[in-house]
Amino acid sequence: MRSQFSRRDFLKISGGTAGLFATAGLFRGPIKGVEPKMVDTRPRWVKETTTICPFDASGCGFICYTDSAGNLTNMEGDPDNPVNRGSACSKGASLIQLHNNKHRLEKVLYRAAGANDWEEKSWDWAIGEIAKKVKTSRDSGFVAKNAAGKTVNRTEAIASLGGATLDNEECYLLSKMLRALGIVYLDSQARLSTASGMEALAASFGQNAMNNSWTDVSNANVILDMGGNPAENYPACFSHLGEAMGKGAELISVDCRLTRTAAKAGTFIAARSGSEIAFTGGLIKYVIADIEAHPANYNMTYITEYTTAGMVVNSNFKGPADLDGMFTGYNSASHSYDHSNWSFAKASNGEPVIDKTLTNPNCVFQLLKKQYARYTPEMVAATCGCSQADFAKVCASFAATGKADKAGAIIYAMSSTQHTSGAQTVRAYAILQMLLANVGVSGGGLFALGGESNVQGAADNGVSWNKLPGYLSAPTEDDPNFAAFAAKSSEQNAASLLKAWYGSNASSSNGFGFSFLPKTDTNTDYSYVNAIKQMAAGKIKGAFAWGANPVVESSAAGQAIQALAKLDWLVVTDMFESETAAFWKKDGISSQTEVFLLPAACSYEKEGSVTNADRWVQWRNKAVNAVGEAKSELEIISSLLSRLQSLYQGESALNAEAITKLSWTYSTNPSAADVAKEMNGYQVSSMQQIDSPEDLKSDGTVACGNNLYIGSFTDSGNKMARREQTGAFHAGWAWSWPMNVRILNNRASVDLSGQPFNAAKPVVSWNGMGWTGDAVDGKVGPVNQSGELPFKGTSGNTAQLFAAMVDGPMPEHYEPWESPVDNALSGTQNNPTAMVFEGDTKGSAGEYPVICATIRTVEHSLGGQLTRNMPFLVELAPAAYVEISEQLASEKGIKAGDIVKLTSARGSVSVAAAVTKRLKPFSIGGKTVHQVAIPYHWGFMGIAQGDSANTLAPNTADSNSSTPEFKAFLVKVEKEADGTVPTITGRYTVLED
């Protein structure tokens, strides 16, 4: 029998030091005439503190070891954390260097207008100056009424970018402060990465998040990785895929290159970037035909009862099969659709018309069949560049998960979301999973690989121009009063949020302070990309960057530098001097922008919660004091708001009371726990924490900052900090929204009477009195008792196979905005509703013939301002590079290590060539199409420097989400005759660091 004695137990028993014996070199060799003596030079620690990794959104746990003087002596993976189970990727293994790092910012730095260097300043001076500049810009750019004469009470002169690196409590306070100031140009890094996927998930299943937890992917029978590359993007989570494969699961990788994930997969399909909908559409066609031919192999109860498959659509509706790639109602002048003919038909009694036989030609099932009839294996191969035989293998394997006793998971990342049809790409995955009954079940669902550690939490907590905390729709010019605003969510949610924000100044008599909220104009975009556009136009005068690095991260990144140069002032919070903070140091830049660089605490130098990609809200504990004078964003935000309230005290014009009457009961150094309690919600009269969404009221007697987080911090304690290895699906570990549900829509895993479709892998089960298993998603009984279907948050609580997205109710393949390939599916080349910002330049395939996709590497993180300052990681990946196929390299005379120049219609970069077999040319439409892949983590600051790949990417974006297209654009590839390897500052100082 295998011993239950773990490495973690061994470390505990041995005082936390025994694990070092293997590597510490404890014994010196014997010296003649001298008694052998043990020399123990190991670091000693007296305290262990748990934390959560600040890099990707896996939610990996780590342990910090500090000595009696409070010094950080060691960090290692937390063996108890179910996500990484003690393991660490290269970034996690280097975490200690976020604190023990001579390059960290320790003082407030200020760049005066036009100055050539930084000055050190005090916190008091900086906060005071920033507050004054915020007030000046806010007031000068304040819009009380818009051009239509409607009250909007907003400022258009300030923008705020970032938040996905912050803790939940910081994001919540940030949203609260920015709304009070009337700021509408506010967005987080989610807009650049996962926003399109969130829109698709919400439209399909009713929630803006992925379905299952990472630990559950081990229960899948087939895992389809659509370019997500978890082995590199989510290395710790890949162990759960390995566990599934150990049980016999098949891993299929579909990617433009042979990735580390593809190398582990049983089946690898090379498919061109931007062809994901064509590939998935072919899968949908196969499944629909197989359902009709072999219905016994599929869960027909799920399809007919839990999805909209049988709902009949208005007879006026026409789709791409009829309209050459378009849908009914297109307006070419506005580049938008009129959705009025996309509605469901209704009977004379007002009820929807439903055909559960799925034979009505206008029912959704038949419309899907018609839509994807064109997506034949021949068409998929010709569009994606894969072989028909390989595609047929994938179809057969993944369709087999439609059986009730099987489950299939789909993994995706920014390779799917960062397209002009990004939301529809994820919608295609969702439709496939609905038809296979793979949503709400163990081992099923969609898995989204978010890039930033709290990209989900930032979105949850309203760091988004169009969503308030809990995904309440932000008010627009068309919401004249509280009733209109509340109708878009619920009166209880709206009233409780405003009560949390405005306390005694929010009552039913004044619409709970609704007039204090800024309103946006309908059909106007205030997203990340457009904020940068408005800076460049001189409309926005001041900006914040909260852990964001738009000079590296944003599309057409060169434009971001020019935009920042037009500002009057810029405030950056970060741990290192980023490219955004130092934009004025870039060659050729002349700017009068005043810059305030505020040193921020790292993740384990403060406490607070962070939400990983699968909605687990885990608590980070403070292990060590922040370096120098660095502060948490929680303290920075609170200090700034306090100063602003003082400046506006006594004023009433320009909606100043939105600031002065804001409830801000925290100190200038607030407790994360106190903020978390406000987010959870409480009874106003007794201050008792509420336990359930059912406790919310519409009369102002309950305050709740985020309805999703109800139950996370109750009177029984902080559930986000739990570390119990108990309960179904790790229910005792931390907490998961909503109400600790681990698998969303889990009542879809049971039949109408509440019995599991797959008895071997039950998620929930009705025992006649109540539910067992996972916390049930929706406090009702089985469908045959309650009548309530499992997909709450959607129309009719059903999974939406047909959903009125901005660009169509069903996904359709279009070519990326720039493509060397003609659309083989229709005469409509590009998504007709794609966002194309004024001034964007489209590159032609004649001048720029090669497809380029930006990628991530395991050694670096996103904008790179953290990892390019961590010596261990710089040693692993010291220079910017581009992956080039051997065939393209041969054509261009390029050898490995040569410096190559990539040029797009936006600019050019020079990087080292990585000539590799991982990429191969595609045969598309009878011609050879080359593709290259370039990591985007580099910039001109840090100890590892290189050109920013996103300089090449266009500003075109998905119309549902404003997420730009980073994953398929055109470049020209040239060898530089006198290219040299980029300099790596401090490369040989690693050991002393």
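Since we're looking at a predicted model, the values are computed, not measured.

1. Description of the overall build of the protein chain
Of the regular secondary structure elements, the protein chain holds 28 helices and 37 strands. Relative to its length of 993 residues, the protein chain is compact, with a C-alpha radius of gyration of 28 Å against a globular reference of 30 Å. Its C-alpha atoms give the protein chain principal-axis dimensions of about 85 × 75 × 65 Å. Considering only residue pairs separated by 6 or more positions, the protein chain has 74% of its internal contacts joining residues 24 or more positions apart. Summed over all atoms, the accessible surface of the protein chain reaches about 33,300 Å², with 50% contributed by carbon and sulfur. Looking at the protein chain, you have 85 positive and 97 negative side-chain charges, and the mean spots of the two groups are 2 Å apart.

2. Side note on the pattern of salt bridges
If you walk through the whole model with that rule in mind, you get 43 salt bridges. Close ionic contact of arginine 723 with aspartate 80 constitutes a salt bridge, the shortest N to O distance being 3.5 Å. Here arginine 723 is found in the loop between β26 (717-718) and β27 (735-736), whereas its partner aspartate 80 is found in the loop between β3 (72-77) and α2 (90-93), with 643 residues between them in sequence. Between aspartate 777 and lysine 792 there is a salt bridge, and its shortest N-O distance comes to 3.1 Å. With a gap of 15 residues between them, aspartate 777 in the loop between β29 (771-773) and α26 (783-786) and lysine 792 in the loop between α26 and β30 (850-855) connect regions that are remote in the sequence. Residue classification places aspartate 777 among the buried residues on the basis of a relative accessible area of 0%. Classification of lysine 792 as partly exposed rests on a relative accessible area of 26%. Among the ionic contacts, a cluster of salt bridges with common partners joins Lys135, Arg138, Asp139 and Glu651.

3. Digging into the side chain of asparagine 461
Within the secondary structure, asparagine 461 sits in the loop between α17 (455-460) and β16 (467-468). Its relative accessible area of 0% is what places asparagine 461 among the buried residues. In this structure the side chain of asparagine 461 is engaged in a polar contact, spanning 2.9 Å, whose partner is the backbone oxygen of glycine 457. With near-sequence residues (within four places) excluded, asparagine 461 lies in contact with Asn168, Cys171, Tyr172, Ser175, Pro469, Met679, Asn706 and Tyr709.

4. A short note on the side chain of asparagine 950
If you trace the backbone, asparagine 950 turns up in the loop between β36 (931-935) and β37 (969-975). Ignoring sequence-local partners within four residues, the contact set of asparagine 950 consists of Val552, Glu553, Ser554, Ser555, Ala556, Ala557, Thr854, Tyr936 and Phe966.

5. With respect to the nonpolar core
Counting 197 residues, the largest nonpolar core has Met177, Trp214 and Phe279 as the members making the most contacts within it. No other element matches the eight residues that helix α4 (residues 168-181) contributes to this core. Ignoring sequence-local partners within four residues, the contact set of phenylalanine 279 consists of Met226, Val254, Ile269, Val380, Cys384, Cys386, Phe391 and Val394. Listed in part, the 36 residues of the second largest apolar core include Leu105, Leu161, Ala581 and Ile589.

6. So, the environment of tryptophan 501
Turning to its location among the elements, tryptophan 501 is positioned in helix α19 (residues 491-502). Judged by relative accessible area, which is 1%, tryptophan 501 ranks as buried.

7. What to know about the environment of lysine 927
Inspection of the secondary structure assignment puts lysine 927 in strand β35 (residues 927-929). Distance in space between the C-alpha atoms of lysine 927 and valine 821 is 9.2 Å, their sequence separation being 106 residues. If near-sequence neighbours (up to four positions away) are discounted, lysine 927 is found in contact with Pro820 and Phe922.

8. A few points about the packing of aromatic side chains
The tally for this structure, following the rule as stated, stands at 33 aromatic pairs. The interplanar angle of 15° and the centroid separation of 5.3 Å between the aromatic rings of phenylalanine 544 and tryptophan 546 together place this pair among those described as stacked. Counting every residue linked through ring pairs, the aromatic cluster contains Phe317, Phe327, Tyr330, Tyr337, Trp342, Phe344 and Phe802. Lying across the ring of tryptophan 125, lysine 121 places its NZ or CZ 4.5 Å from the centre. Above the ring of phenylalanine 514, the side-chain terminus of lysine 519 is found at 4.2 Å from the ring centroid.

Thresholds, definitions, all that
Residue positions are counted from 1 within each chain, in the order its sequence is given. For a predicted model such as this one, the threshold for reporting local features is a pLDDT of at least 70, and the threshold for listing and counting side-chain atom pairs is 80 or more; totals across whole chains, interfaces and linings nevertheless cover every residue. Think of the side-chain values as coming from all heavy atoms in the structure, minus any hydrogens and water. Going along the chain from the N terminus, every DSSP run of H or I of four or more residues is numbered as a helix, and every run of E of two or more is numbered as a strand. Put simply, the radius of gyration uses C-alpha atoms, and a globule should come to 2.2 Å times the residue count raised to 0.38. Throughout, a contact is declared for two residues whenever any of their heavy atoms are within 4.5 Å. What sets the accessible areas is the Shrake-Rupley method with a 1.4 Å probe; for residues, cover comes only from the shown protein chains. The convention is simple: Lys and Arg are positive, Asp and Glu are negative, and His and the chain ends are not counted. By convention, the charge on Lys lies at NZ, on Arg at CZ, on Asp at CG and on Glu at CD. Salt-bridge detection follows one rule: a side-chain nitrogen of Lys or Arg within 4 Å of a carboxyl oxygen of Asp or Glu. Exposed residues in this analysis have more than 50% of their type's maximum accessible area, buried residues have under 20%, and partly exposed residues fall in between, with area computed by a 1.4 Å probe over protein chains only. Pairs of N or O atoms are called polar contacts if they sit within 3.5 Å, as long as, within protein, a hydrogen donor faces a hydrogen acceptor (for residues adjacent in sequence, only side-chain-to-side-chain pairs). In this description, a nonpolar core means a group of buried Ala, Val, Leu, Ile, Met, Phe, Trp, Tyr and Cys residues linked to one another through side-chain atoms lying within 4.5 Å. Here the aromatic set is Phe, Tyr and Trp, taking the six-membered ring for Trp, and pairing holds for ring centres within 6.5 Å; pairs whose planes are under 30 degrees apart are stacked, those over 60 apart are edge-to-face, and all others are tilted. Put simply, a charge is over a ring when the Lys NZ or the Arg CZ is close to the ring centre, within 6 Å, and near the line of the ring normal, within 35 degrees.

None of this, on its own, says anything about what the molecule does.
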